[in-house]
Amino acid sequence: MALGIGIWRLASAQQTAQEVFDRNLLVTALAVSRDVASRDGDAISVETAQLLSRSAGEPVRYHVYAPDGVFVTGFASPPVPIDFEWDRSQTFAYFDAVSRGRDVRVLRLQYVTQIAGFSGPFVVTVWQDNAQRQAFVQAQVLRALGVMAALLGATAVVVWFGVRLGLKPLLDLEDAISRRSPADLSPIRRRVPDEVQGLVTRINRLFGQVSASMEAQSAFISDAAHQLRNPIAGLRALGDSIRSARSLESAQERAADLVEAARGAGVLAESLMTLERARAASDLALASQVDVATLTQRLFDQMAAEQTRGIRMTASIAPGPVTMMADETMLREAVRNLVHNALVHGGPSLSEIVLTLEVTDTQVLITVADDGRGVALEDFAKIRARFGQADAGNGSGLGLTIAEAVAQSHKGRLEILPVERGFAVALLLPLRPHG
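(A) Main features of the nonpolar core. Within the largest apolar cluster, 39 residues are counted, with the highest numbers of intra-cluster contacts made by Leu338, Val339, Ile353, Val425 and Leu427. It is helix α7 (residues 328–345) that provides the largest number of residues to this core, a total of eight residues. The residues contacting Leu338, other than those within four sequence positions of it, are Val368, Leu400, Ala403, Leu414, Val425 and Leu427. Counting 17 residues, the second-largest nonpolar core is a separate cluster that includes Leu25, Ala29, Val36 and Val64.

(B) The arrangement of the packing of helix α1 (residues 2–38) against helix α3 (residues 131–178) in detail. Where α1 meets α3, the closest approach of the two axes is 9 Å, and the angle between their N-to-C directions is 150 degrees. By the criterion of interaxial angle, the relationship of α1 to α3 is roughly antiparallel. With respect to the hand of their crossing, α1 and α3 are arranged in right-handed fashion. Within the contact of α1 with α3, the residues separate by chemical class into 13 nonpolar, six polar and three charged.

(C) Focus on the sheet that holds strand β9 (residues 352–359). Read from one edge of the open sheet, five strands run β7-β9-β10-β12-β11, paired in mixed fashion. Each having just a single partner strand, β7 (312–317) and β11 (413–417) make up the two edges of the open sheet. If you compare each strand with its neighbour and ignore which way they point, the axes differ by 15 degrees on average. In this structure, β9 lies alongside strand β10 (residues 363–370), joined through seven bridges in antiparallel fashion. The residue of β10 that forms the bridge with Leu355 is Val368. Sitting on the sheet, helix α6 (residues 292–306) is in contact with β7, β9 and β10, with an inclination near 175 degrees to β7.

(D) Representation of the packing of α6 against α7 within the structure. Packing of α6 against α7 brings their axes to within 10 Å, and their N-to-C directions diverge by 40 degrees. With respect to their mutual orientation, α6 and α7 come out oblique. Handedness of the α6/α7 crossing: right-handed. Seen from α6, the contacting residues are Val292, Leu295, Thr296, Leu299, Phe300 and Met303; seen from α7, they are Glu328, Leu331, Arg332, Val335, Arg336, Val339, His340 and Leu343. For the contact of α6 with α7, a count of residues per class yields nine nonpolar, two polar and three charged.

(E) Structural view of the confidence of the model for the protein. Averaged over every residue, the pLDDT of the protein is 79; the share at 70 or more is 83%. Per-element confidence in the protein is highest for β9, whose mean pLDDT is 92, and lowest for helix α8 (residues 380–384), whose mean pLDDT is 65.

(F) Focus on the pattern of salt bridges. Within the structure shown, the criterion is met by 10 salt bridges. With its nearest N and O atoms 3.0 Å apart, the salt bridge here joins Asp22 to Arg105. With Asp22 in helix α1 and Arg105 in strand β4 (residues 102–115), this residue pair connects regions lying 83 residues apart in the sequence. In this pair, the class of Asp22 matches that of Arg105, namely buried. With its nearest N and O atoms 3.2 Å apart, the salt bridge here joins Arg34 to Asp35. It is possible to trace a salt-bridge network through shared partners that takes in Asp22, Asp96, Arg105 and Arg133.

(G) Quick peek at the environment of Val112. Looking at where Val112 falls in the secondary structure, it is placed in strand β4. In the structure, Val112 is positioned 46 residues away from Ala66 in sequence and 9.9 Å away in space, judged by C-alpha atoms. With near-sequence residues (within four places) excluded, Val112 lies in contact with Gly120 and Pro121.

(H) Region of interest: the pairing of β4. Burial within β4 is extensive, with 10 of its 14 residues counted as buried. Both strand β3 (residues 92–99) and β4 contribute to a ladder of eight bridges, which runs antiparallel. Looking at β4, one finds that Tyr94 is bridged to Leu107. Where β3 hands over to β4, the hairpin turn is made up of two residues, of which Arg100 adopts a positive phi near 55 degrees.

(I) Highlighting the sheet that holds β3. Judged by pairing direction, the sheet is antiparallel, and its five strands sit side by side in the order β2-β1-β5-β4-β3 without closing on themselves. Sheet topology places β2 (71–74) and β3 at the edges, where each strand pairs with a single neighbour. Each adjacent strand pair in this sheet contributes to an overall mean axis angle of 25 degrees, direction not counted. As defined by bridge partners, strand β1 (residues 60–65) adjoins β2 across three bridges and the pair is classed as antiparallel. Looking across to β2, one finds that Val64 is bridged to Thr73. Across the sheet, α1 is in contact with β1, β2, β3, β4 and β5 (118–129); its angle to β4 comes to roughly 35 degrees.

(J) Looking closely at the packing of aromatic side chains. Across all of its chains, the model carries five aromatic pairs by this definition. Centroid distance Phe75 to Trp127: 6.1 Å. Interplanar angle 65 degrees. Geometry classified as edge-to-face. Here Phe75 is found in the loop between β2 and β3, whereas its partner Trp127 is found in strand β5, with 52 residues between them in sequence. Taking 5.9 Å as the distance between ring centres and 85 degrees as the angle between the ring planes, the aromatic pair formed by Phe92 and Tyr94 counts as edge-to-face. Judged by relative accessible area, which is 37%, Phe92 ranks as partly exposed. With a relative accessible area of 25%, Tyr94 lands in the partly exposed category.

Reading the values: the criteria
- Residues numbered from 1 in each chain as written.
- Predicted model: local features only at pLDDT ≥ 70, side-chain atom pairs only at ≥ 80, totals over all residues.
- Heavy atoms only, no water.
- Core = buried A, V, L, I, M, F, W, Y, C linked by side-chain atoms within 4.5 Å.
- Buried < 20%, exposed > 50% of the residue type's maximum accessible area, 1.4 Å probe, protein only.
- Helix = DSSP H or I, 4+ residues; strand = E, 2+ residues; numbered from the N terminus.
- Contact = heavy atoms within 4.5 Å.
- Axes fitted to C-alpha atoms, helices over the stretch in contact; angles between N-to-C directions.
- Parallel < 35°, antiparallel > 145°, perpendicular 65-115°, else oblique.
- Left-handed = near helix turned anticlockwise from the far one by under 90°.
- Nonpolar A, V, L, I, M, F, W, Y, C, P; charged D, E, K, R; others polar.
- Pairing = 2+ DSSP bridges.
- pLDDT = per-residue confidence, 0-100.
- Salt bridge = Lys/Arg side-chain N within 4 Å of Asp/Glu carboxyl O.
- Phe/Tyr/Trp six-rings, centres within 6.5 Å; stacked < 30°, edge-to-face > 60°.

Next comes the structure, spelled out in structure tokens:
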């Protein structure tokens, strides 16, 4: 901006100097022509002589000749550039020339009068050295540059102090964060300007997410170590018993037990991995369209065909496709665990399992109900906990936990429904907008 203003000020000063000094030459030429006419070509008046000597700081020289080219008064040789052609129809004309090796500005004025018996067009030529014009332009430009330099300096100082003052809270924040240990993910409580409050809020949110992820991983490692310790120890004991078996029949029986124990350990490990994946599900995993009605119907039909206990399994699915943004694999695992939970913990009296899928304007409701032994109201909190079971059984105690983690990853929830007989649990999933 300063460079642009400087160029504009130079052009403006040059134009102003041209107008002021050219007007001064015109006034001087008119004064000379008046004196020559009034004095019949004799010397000019004292006032005009003073005007010529003090005009804008540089003296103005003049030359006058008569209609027939006869020299009247002034300097004998006026400056005339080679390429200048004067149109006689013009009253006056300006041009640039060289006089005695110096650049000059020239005005030629033509007027008709009668002097000492001569009548016709007389020509007055006045000229002045360009040094004063250049000095005028230089003074104007330097004055403008001085003002701009002062403004730039003041702006630089203000910006420097302003930036240091404005960035001080950020520098303090950086110092506070650098002093933290990797294990300290507590929210930042330091006061910061409003302009960066959003940044601190996002950092605190990120700290919370990282902390929750680390806690989930720690819980997963703890759960896996605790829950797999006994199955692994059992597998080792069964392996040792096979080697020490005294007969082939005994070894085969213990091998069958080993296979069953390994299957149970595998189911437990798979359940733990499923739980961890459900907890760590991201929004990117929920970015695909899933027809929940078709998924639920196919899974329920498959599980009904695989069960061999003669339990009646019926499904009531809302008609038409029910499309929502979801993680298809996790959603399938949640429904599978709810149905499997009913099959495993329904007890001997279990005779029917009913799956219902209902749709409203805002959510999808998937309910799994059975007519088995049910769960007492006071045990609801227990069965929702990891590895929690109302009664000791063959399950891992992770069925409801996995289903609840999947529901939460989809911004939904799991509810245990109060029923007079048996047990009923529901997944409530919001209908997320597509895209």
